[in-house]
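# Structure assessment
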Amino acid sequence: GWRVAVDCVRANELCAGEPSCSSRYRTLRQCLAGRDRNTMLANKECQAALEVLQESPLYHCRCKRGMKKELQCLQIYWSIHLGLAEGEEFYEASPYEPVTSRLSDIFRLASIFSGMDPAATSKSNQCLDAAKACNLNDNCKRLRSAYISTCNRELSAAEPCSRRKCHKALRQFFDRVPSEFSFRLLFCSCKDPACAERRRQTIVPSCSYEDKDKGNCLDVRGACRADHLCRSRLADFHTNCQATFQSLTGCPGDNFQACLGSYVGLIGFDITPNYVDASTSSITISPWCSCKGSGNMEEECEKFLRDFTENPCLRNAIQAFGNGTDINIAPKNPNPAVTALPKAEKSPILLDDVNDSNTAYDTSAISTCSSLQEQGLKPNSSKEQSLCYSEAQLTTDAMPDQKTFMDPKAGSSRHWESRILLLIPILI
């Protein structure tokens, strides 16, 4: 009668309140402490405990991503399921509740938030639009500024940033910002390399992704599985993005939303995946690892890596999001009431005029400003000053009623735009 899935924290409470369940749970945990599954299954007491627990709420419990006691919930889940896994399975079942929402729900919300129909924005730069939409939302903007500054903060000449703090800030961003905003930043569609480079830079890869050398993918996977949270996110990714030929889209249950959500769940761990280059023709995603030196595990390693690099479900899901399409999506022309609604929220003209395709990339600009500001120094050259000025401006609130940023000393707002262009790809 326990078939309704409850979260594992609640299931643990229910079990603790029931003497037969709590004693069997204790027994099972002792059985699992030895970790040899065959010995455990040969033991009558362990078998009995397992049989009783399979009828208990603990066996069927799941966790919700971002729930208040997520880590505690996952620890309880694995305390039972690790013992039930057939040794080290290649794919593990996800401890998270299944995702029932669809991408179309996100498109609807995104168009309400930004005042535009995602299909109609294909003419503009979607990655820039995504950044502007994020800047108009306090929560998105605050958490995005937080991870950008954390991931760009240089510790010393040898250590460009604190990877641990950068990962934590990224996890907070993706856990706390609604997917209507975060998915648009990560999965925007690009027609030119400057846009694709901005997309690749979304997670500040120099800190969160790249490393001096690439480790072996199986070591990266092993380290991930040693951590309950990372292990859960990886299992979730395999559950929701494992390419299947039984469906139209290559995704389990044709659910693009579930695959993209579980992909996002991996960002902010050592297994963090990202775009490998700024190509617009083919999207290639990979964790920062290779299969060199896998020895007799080469085949397993390649299989693990291909789940990222050659995964039709993941690629189709990203492309569907970029195109603003979903399986069985509603009619093409959206409800006019929806598109007409938020016209009031115009972002400053300055930002609307900027186009990535003619932007020079100057990644040094952002670090110059932040390091100068941290040391409390004034920028010396006028170029540095204008960049830092524009950085401060861009990270202040984008006010709907303010049309252009004017500096009294600058002749025209145009003069600033040309300078701000340098910064925009990294900042916004």
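Remember, it's a predicted structure, so these values are computed and weren't measured experimentally. (Residues numbered from 1 in each chain as written. Predicted model: local features only at pLDDT ≥ 70, side-chain atom pairs only at ≥ 80, totals over all residues. Heavy atoms only, no water.)

Before going further, it helps to spend a moment on the pattern of salt bridges. Applying the stated rule across the entire model yields 13 salt bridges. Between Arg163 and Asp270 there is a salt bridge whose closest N-O contact spans 3.9 Å. Pair noted here: Arg163 is in helix H10 (residues 163-176) and Asp270 is in the loop between helix H16 (256-264) and strand S2 (273-275), with a separation of 107 residues, a long-range link. Taking relative accessible area as the criterion, Asp270 reaches 55% and is therefore assigned exposed. Across the pair Arg221 and Glu300 runs a salt bridge whose closest N-O atoms are separated by 2.6 Å. One end of the pair, Arg221, is in helix H14 (residues 217-225); the other, Glu300, is in helix H17 (residues 298-309), with 79 residues separating them in the sequence. Relative accessible area serves as the criterion here: at 9%, Arg221 is assigned to the buried category. By sharing partners, the salt bridges in this structure join Arg65, Glu70, Asp175 and Arg233 into a single network. (Salt bridge = Lys/Arg side-chain N within 4 Å of Asp/Glu carboxyl O. Helix = DSSP H or I, 4+ residues; strand = E, 2+ residues; numbered from the N terminus. Buried < 20%, exposed > 50% of the residue type's maximum accessible area, 1.4 Å probe, protein only.)

Here helix H8 (residues 126-135) crosses helix H11 (residues 179-187) at 150°, and the two axes come no closer than 8 Å. With respect to each other, H8 and H11 are oriented roughly antiparallel. The handedness of the crossing between H8 and H11 comes out as left-handed. Contacts between H8 and H11 involve Asp129, Ala130, Ala131, Ala133 and Cys134 from the first element and Phe181, Arg184 and Leu185 from the second. Class assignment for the residues of the contact of H8 with H11 results in six nonpolar, no polar and two charged. (Axes fitted to C-alpha atoms, helices over the stretch in contact; angles between N-to-C directions. Parallel < 35°, antiparallel > 145°, perpendicular 65-115°, else oblique. Left-handed = near helix turned anticlockwise from the far one by under 90°. Contact = heavy atoms within 4.5 Å. Nonpolar A, V, L, I, M, F, W, Y, C, P; charged D, E, K, R; others polar.)

Once that is clear, we can look at the packing of H16 against helix H18 (residues 312-323). Viewed as axis vectors pointing N to C, H16 and H18 meet at an angle of 100°, and their least axial separation amounts to 9 Å. As the angle between them shows, H16 and H18 are arranged roughly perpendicular. Along its contact with H16, which presents Phe256, Cys259, Leu260 and Tyr263, the element H18 presents Cys313, Leu314, Asn316, Ala317, Ile318, Ala320 and Phe321. Residues that form the contact of H16 with H18 fall into these classes: 10 nonpolar, one polar and no charged.

For soluble globular proteins, nonpolar side chains are generally found buried alongside one another. Among the nonpolar cores identified, the biggest contains 88 residues, and Leu58, Phe187 and Ile271 are the most heavily contacted of them. Mapping this core onto the domain boundaries places at least three of its residues in each of domain 1 (8-81) and domain 2 (126-323). Apart from the residues within four sequence positions on either side, Leu58 is in contact with Cys8, Ala11, Asn12, Cys15, Cys21, Tyr25, Leu53, Ile76 and Ile80. Counting residues in each nonpolar core, the second largest holds five residues, with Cys127, Cys190, Cys195 and Ala196 among its members. (Core = buried A, V, L, I, M, F, W, Y, C linked by side-chain atoms within 4.5 Å. Domains from an automatic or database assignment.)

Looking now at the packing of aromatic side chains. Under the defined criterion, the tally for this structure stands at 11 aromatic pairs. Residues Tyr209 and Trp288 carry aromatic rings whose centres are separated by 5.4 Å and whose planes lie at 75° to one another, so their mutual orientation is edge-to-face. Here Tyr209 is found in the loop between helix H13 (205-208) and strand S1 (215-216), whereas its partner Trp288 is found in the loop between strand S3 (285-287) and strand S4 (289-290), with 79 residues between them in sequence. Taking relative accessible area as the criterion, Tyr209 reaches 4% and is therefore assigned buried. Each ring, one from Phe237 and one from Phe308, has its centre 4.7 Å from the other, and the planes form 10°; the classification is stacked. In this pair, Phe237 is assigned in helix H15 (residues 228-241) and Phe308 in helix H17, connecting sequence segments 71 residues apart. Relative accessible area serves as the criterion here: at 2%, Phe308 is assigned to the buried category. Members of the aromatic cluster, joined through ring pairs, are Phe183, Phe187, Tyr263 and Phe321. (Phe/Tyr/Trp six-rings, centres within 6.5 Å; stacked < 30°, edge-to-face > 60°.)

Let's shift gears to the state of the cysteines. Throughout the structure, instances matching the rule amount to 14 disulfides. Here Cys217 connects covalently by a disulfide to Cys289, the sulfurs 2.1 Å from one another. Taking the torsion about the sulfur-sulfur bond, which here is approximately 95°, the covalent link between Cys217 and Cys289 counts as right-handed. Taken as a pair, Cys217 in helix H14 and Cys289 in strand S4 lie far apart in primary sequence, 72 residues in all. Each member of the pair, Cys217 together with Cys289, is buried. Through a disulfide, Cys241 is tied to Cys259; the S-S separation comes to 2.1 Å. Because the torsion about its S-S bond is 110°, the bridge between Cys241 and Cys259 counts as right-handed. Linking Cys241 in helix H15 with Cys259 in helix H16, this pair joins segments that are 18 residues apart in sequence. Given the relative accessible area of 1%, Cys241 is considered buried. Using a relative accessible area of 0% as the deciding quantity, one classes Cys259 as buried. (Disulfide = S-S within 2.5 Å.)

Turning next to H10. Helix length check: H10, at 14 residues, gives a terminal C-alpha distance of 20 Å against a target of 20 Å (1.5 Å per residue), a fit within 8%. The secondary structure elements touched by the buried residues of H10 are helix H9 (138-152), H11, H13 and H16. (Expected span 1.5 Å × (residues − 1).)

Of all nine residues in H16, nine are buried, a share of seventy percent or more. For H16, the complete set of buried residues consists of Phe256, Gln257, Ala258, Cys259, Leu260, Gly261, Ser262, Tyr263 and Val264. One side-chain oxygen of the residue at the start of H16 lies 3.1 Å from the amide nitrogen of Gln257, identifying that residue as Asn255. (Polar contact = N/O pair within 3.5 Å; in protein donor to acceptor, adjacent residues only side chain to side chain.)

Let's shift gears to the side chain of His81. On the secondary structure map, His81 appears in helix H6 (residues 70-84). Relative accessible area serves as the criterion here: at 13%, His81 is assigned to the buried category. One polar contact links the side chain of His81 to the main-chain carbonyl oxygen of Tyr59, over a distance of 3.3 Å.

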